[in-house]
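Structural characterization, general
What follows is each chain in one-letter form.
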Amino acid sequence: MTELFHEIAGNLRNNKLRTVLTGFAVSWGIFLLICLLGAGNGLMNSFLGNMADYIFQSVSVEGWRTSKPYAGYQEGREIELDESDVTYTEGPRWSPTVGDVTRRTASTGVTFSLDGNTVAGQISGVMPEYKDQEKLKMYAGRFLNPDDLKERRKVVVLSLAQAKELLPKDPDAIVGRWVNAGAVSFRVVGIYHTDESDMYRTCPIPYTAYKVIYDTSDRIESITFTLNGPETRDEYEAFEKEYAGAMRLRHDVAPDDWRGIWIRNGYTDNMEMNDAQRIIRTFLWILGLLTLVSGIVGVSNIMLIAVKERTHEFGIRKAIGASPAEILKLIIAESVTITALFGYIGMFLGMIACQIMDKTVGQEAVDIGITKIQMLVNPTVGLDVALEATILLIVAGTIAGAIPAWKAARVKPIEALRAE
Amino acid sequence: MLIELKGVNKTYDNGQPLHVLKGIDLSIERGEFVSIMGASGSGKSTLLNILGILDNYDTGEYWLDGKLIRDLSEKQAADYRNRMIGFVFQSFNLISFKTAVENVELPLYYQGVSRKKRHEMAMEYLEKLGLTDWASHFPNEMSGGQKQRVAIARALITRPQIILADEPTGALDSKTSVEVMQLLKRLNQEEGITIIVVTHESGVANETDKIIHIKDGIIGEIEENKAHTAWDGTMMK
């Protein structure tokens, strides 16, 4: 083995141009592949990240105003959901499909004040799951927790914009302070991020506290629940039709009056996103494999030429006693050495390029009005994928090189010696 | 009997069949210094390639040192070539990207001899041929005569029983040709190596002890030439 290594080292050292040319093809192939996969990952991360802000994986039900007369009632009647609807949704009829059920109260407009500063807000009674349902990102402190609900604590979560209004110098310090909202005081437990649109004026407080302070009735604004089950769009639609029909019947609303009781479907949106993700991933793989194929073709091409060029040399080696197996071993060992060495270099440079991409383009955000989106998020490739791709190229390059090598090994020495 | 050929036939089939060797019978004793002479196309190179197991033959028998050389696998053929035969070619056939000493070492590499050992041996043989100073030079830095001496060192390093030389002086000037032939003669006399030289030059053939004439694929006259009087030319001294 050491002998073979010395033989190869000598051959490569004494054929620098050939070595470098072959190596360049390998390095370039791997470099391109890593860059492509990195940029692809970055695009996908960005796409998914930006999409994810607007996708709700659950189903919400809200009472609106009827648009059709039904069961003796005229159109235009206000529909209100109440606790019995929650109990009904949690009930045995829907339990196989419906997962966790949460509810939210209507909101009450208030003015918060602290140290002489004031800001407007809409207080709404919610459950801890609200944070995930609305994709709120915490800036400081925490969101509401089950204990807040159980003990009906007078706590509130403010948006960052509101916190800045109330405590301009150090908005973070508002966490833990008591703020006044009309006749009531709330302790701030957390601050959530607001996007550029400043849409979120909603200030979540525990659902149970809201029921004590602002609205002692059974009324609720909306019911939100997760689903276990529907795998396809059709299955989901069948469920929605049945559930909506039943809910509307409970409130004497026409079964197809979607304005009477409105269903917000985030579930199939999520399916769509999963589909999009799958398509992007497949596309990336196809592109990656095509790049890899071009790398392999490059390597095998050079191997083919190199082997042909060396036929005479192999003839000499055979005349002085090299068996076909020795020739084959020499060529394959040489090509493995070259592809491994330069593949590693290409992989290394590719990873560096990805890091550069991350530090430059990856930090740039495009303003699309309501918010800013990043074109590339974390455009890098995991070391495992990079190594796999490199190993794949080495293996494929070797197999591709083995075919001309096998031919060269089988040429009769007398024919090989005649070749020039 | 080191080499014995019985009725060896060889036909090349490149489009139309070409009968090159038409029943060759030939015996060469151990320690002989023989030349095979013939015009181009007479089949002398084909005969040498068969003797060197570089090519196979169609019918007949070829016995080398008591072994029938027939239907050998490439691996066996390579092994016989490596251990029993040393080649000297007209165009030297040195590997251009290897130095003189690396070229000489190569046959031992295929015998699995260690690096250190084969380097020592190669240096020893280069010294024998007066090339010590040229050991680390590449072939393109050497003259034709030096290259041929490197090739001879490479042929000798495995201590073969036979040296097959195919027009060994074909690419050399007359002075160098004489030196190379003297070298081969010395190796034959001092080391007792059987040497077979293929040539079309009478002057070269005259240096050998026996001249086998081949014409149109058949062995013709076999001249005993111990006195080296077969040719009265002046090229060789």
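These figures come from a predicted structure and were not determined experimentally. (Residues numbered from 1 in each chain as written. Chains lettered and ligands numbered in written order. Predicted model: local features only at pLDDT ≥ 70, side-chain atom pairs only at ≥ 80, totals over all residues. Heavy atoms only, no water.)

Concerning the overall build of chain B
Note the cut-off: In this description a helix means any DSSP run of H or I spanning at least four residues, a strand means any run of E spanning at least two, and both kinds are numbered starting from the N terminus. Within these notes, the globule rule equals 2.2 Å times the number of residues to the 0.38 power, and the radius of gyration is based on C-alpha atoms. Note on definitions: a residue-residue contact is assigned when non-hydrogen atoms from the two residues lie within 4.5 Å. For the accessible areas, the method is Shrake-Rupley and the probe is 1.4 Å, while residue cover comes only from the protein chains on display. Note on charges: Lys and Arg go in the positive column, Asp and Glu in the negative column, and His and the chain ends are not counted at all. For charged residues, the charge sits on one atom: NZ in Lys, CZ in Arg, CG in Asp, CD in Glu.
Across its full length, chain B holds 7 helices and 10 strands. Its C-alpha radius of gyration of 18 Å places chain B within 12% of the 18 Å reference for a compact globule of 237 residues. Pairs at least 24 residues apart make up 68% of the contacts formed inside chain B by residues separated by at least 6 positions. Split by element, the accessible area of chain B, about 10400 Å² in all, is 46% carbon and sulfur. Each charge class in chain B was averaged separately, 27 positive and 33 negative side chains, and the resulting centres sit 5 Å apart.

A look at the domain arrangement of chain A
How we decide: Delimitation of the domains relies on an automatic or database domain assignment.
The assigned domain composition of chain A is domain 1 (2–53 + 271–418) and domain 2 (59–266). The centre of domain 1 of chain A, based on its C-alpha atoms, is set 54 Å off from the matching centre of domain 2 of chain A.

So, a negative patch on the surface
Residues and elements named next belong to chain A. Filter applied, for reference: Like-charged residues are merged into a patch within 9 Å and nonpolar side chains (Val, Leu, Ile, Met, Phe, Trp, Tyr) within 5 Å, provided each residue has over 30% relative accessible area and no salt bridge. Here a salt bridge means any side-chain nitrogen of Lys or Arg lying within 4 Å of a carboxyl oxygen belonging to Asp or Glu. Throughout this description, buried means an accessible area under 20% of the type-specific maximum (1.4 Å probe, protein chains only), exposed means over 50%, and partly exposed covers the range between.
A cluster of acidic residues, Glu231, Asp234, Glu235 and Glu237, forms a negative patch at the surface. Along the chain, the position of Glu231 falls in the loop between strand S12 (222–227) and helix H8 (233–250). Classification of Glu231 by relative accessible area gives exposed; the value is 64%.

A closer look at the pairing of strand S8 (residues 194–199) of chain B
Residue and element names in this part refer to chain B. Definition in use: When DSSP finds two or more bridges between a pair of strands, those strands are recorded as paired.
Summarising burial for S8: 6 of the 6 residues are buried, a large majority. Neither face of S8 is left uncovered, since the one carrying Thr194, Ile196 and Val198 and the one carrying Ile195, Val197 and Thr199 both have all their residues buried. As judged from the 5 bridges shared by strand S3 (residues 33–37) and S8, these two strands associate in the parallel manner. Bridge assignment links Met37 to a residue of S8, and that residue is Thr199. Sheet topology note: the strand S7 (residues 162–166)/S8 ladder contains 5 bridges and is parallel. Its bridge partner being in S8, Ile163 is matched across the sheet by Ile195.

Focus on the environment of Ser217(A)
Residues and elements named next belong to chain A. Of note, Ser217 is situated in the loop between helix H7 (207–213) and strand S11 (219–220). Residue Ser217 is classed as partly exposed on the basis of its relative accessible area, which comes to 27%. For the pair Ser217 and Glu83, spaced 134 residues apart in sequence, the C-alpha separation works out to 9.4 Å.

Here we look at a nonpolar patch on the surface
Judged by side-chain polarity, Leu341(A), Tyr344(A), Ile345(A), Phe348(A), Leu349(A), Ile352(A) and Ile356(A) come together as a nonpolar surface patch covering roughly 660 Å² of accessible area. Topologically, Phe348(A) is positioned in helix H11 (residues 324–359).

Description of the layout of surface pockets
Heads up, the condition is: Definitions used throughout: a 1 Å grid over protein atoms alone; a cavity as a set of points that fits a 1.4 Å probe which cannot get out; a pocket as an open set with protein on both sides within 12 Å along at least five of seven lines; a lining residue as one with an atom within 4 Å of a point. Grid points are joined across faces, edges and corners, and a volume is the space filled by probe spheres set on the points.
Counted as a void, the second largest pocket has a volume near 600 Å³. As for the second largest pocket, its lining consists of 29 residues, and the residues nearest its centre are Arg418(A), Ser45(B), Thr46(B), Asn49(B) and Asp166(B). Those elements that place two or more of their residues in the lining of the second largest pocket are helix H13 (413–418) of chain A together with strand S2 (16–28) and helix H1 (44–51) of chain B. Sorting elements by how many residues they give to the lining of the second largest pocket places H1(B) first, with 5 residues.

So, the environment of Ile302(A)
Residue and element names in this part refer to chain A. As for its placement among the helices and strands, Ile302 is situated in helix H9 (residues 267–309). Expressed as a C-alpha distance, the spacing of Ile302 and Thr19, which sit 283 residues apart in the sequence, is 9.9 Å. Setting aside residues no more than four positions away along its own chain, Ile302 makes contact with Leu21, Thr22 and Ala25.

Regarding the side chain of Gln162(A)
Residues and elements named next belong to chain A. Basically, it comes down to this: Contacts described as polar in this section are N or O atom pairs within 3.5 Å, which, within protein, must combine one atom able to donate a hydrogen with one able to accept it, while residues neighboring in sequence count only if both atoms come from side chains.
Note on placement: Gln162 falls in helix H6 (residues 160–166). Here Ser159 takes part through its backbone nitrogen, which lies 2.9 Å from a polar atom of the side chain of Gln162. Those residues in contact with Gln162 that lie beyond four places of it in its chain are Val119, Ala120, Gly121, Arg201 and Cys203.

Some points on empty space enclosed by the protein
Defined as follows: Three classes are used, and their members are as follows: Ala, Val, Leu, Ile, Met, Phe, Trp, Tyr, Cys and Pro are nonpolar, Asp, Glu, Lys and Arg are charged, and the others, Gly among them, are polar.
Counted under the stated rule, the structure contains 2 cavities of 30 Å³ or more. In this model, the largest cavity occupies a volume close to 90 Å³. Around the largest cavity, the lining residues are Arg18(A), Thr22(A), Met303(A), Ala306(A), Val307(A), Arg310(A), Ile331(A), Glu334(A), Ser335(A) and Ile338(A). If one sorts the elements of the lining of the largest cavity by residue count, H11(A) sits on top with 4 residues. Looking at side-chain class alone, the lining of the largest cavity contains 5 nonpolar, 2 polar and 3 charged residues. The space that makes up the second largest cavity amounts to roughly 60 Å³. Considering the residues around the second largest cavity, the lining is formed by Ala319(A), Ile320(A), Arg81(B), Asn82(B), Ile85(B), Gly86(B), Phe87(B), Pro107(B), Arg154(B), Ala155(B) and Thr158(B).

Quick word on unusual backbone geometry
Unlike most non-glycine residues, Asp115(A) shows phi in positive territory, near 50°. Its relative accessible area of 56% is what places Asp115(A) among the exposed residues. With a phi angle near 50°, Asp71(B) is a residue other than glycine that sits in the positive phi range.

Regarding the packing of helix H1 (residues 2–13) of chain A against H11(A)
Residues and elements named next belong to chain A. Applied cut-off: What counts as an axis is a line fitted to C-alpha atoms, over the stretch in contact for a helix, and the angles between N-to-C directions run from 0 to 180 degrees. Any angle that is under 35 degrees is reported as roughly parallel, and any over 145 degrees as roughly antiparallel; angles of 65 to 115 degrees are reported as roughly perpendicular and all others as oblique. Take the far helix as your reference; a near helix turned counterclockwise from it by less than a right angle gives a left-handed crossing, and one turned clockwise gives a right-handed crossing.
Closest axis-to-axis distance for the H1/H11 pair is 10 Å, and the angle between their directions is 65°. Judged by the inter-axis angle, H1 sits roughly perpendicular to H11. The handedness of the crossing between H1 and H11 is right-handed. The residues of H11 that touch H1, namely those facing Leu4, Glu7, Ile8, Asn11 and Leu12, are Lys329, Leu330, Ala333, Glu334, Thr337 and Ile338. Class assignment of the residues belonging to the contact of H1 with H11 gives a composition of 6 nonpolar, 2 polar and 3 charged.

A look at the pattern of salt bridges
Using the criterion set out here, one finds 31 salt bridges over all chains in the structure. Residue Arg186(B) pairs with Glu190(B) through a salt bridge whose shortest N-O separation is 3.8 Å. Linking Arg186(B) with Glu190(B), this pair stays in helix H6 (residues 174–191), spanning 4 residues, or about one helical turn. Looking at Arg186(B), the relative accessible area reads 37%, which means it is partly exposed. Overlapping salt bridges bring together Glu7(A), Arg310(A), Glu313(A), Arg317(A), Glu334(A) and Lys98(B) as one network.

Section: the interface of chain B and chain A
Selection criterion: Once two parts are joined, some of their accessible surface, as seen by a 1.4 Å probe, is lost; buried area is that loss totalled over both.
If you look at the interface, chain B gives 28 residues, while chain A gives 25 residues. Each partner contributes to the roughly 2400 Å² buried at the junction of chain B and chain A, and carbon and sulfur atoms together form 56% of this total. It is Phe97(B), Tyr109(B) and Tyr110(B) in chain B that bury the most area against chain A; as a group they hold 29% of the surface buried on that side. Applying the counting rule to chain B against chain A returns 2 salt bridges.

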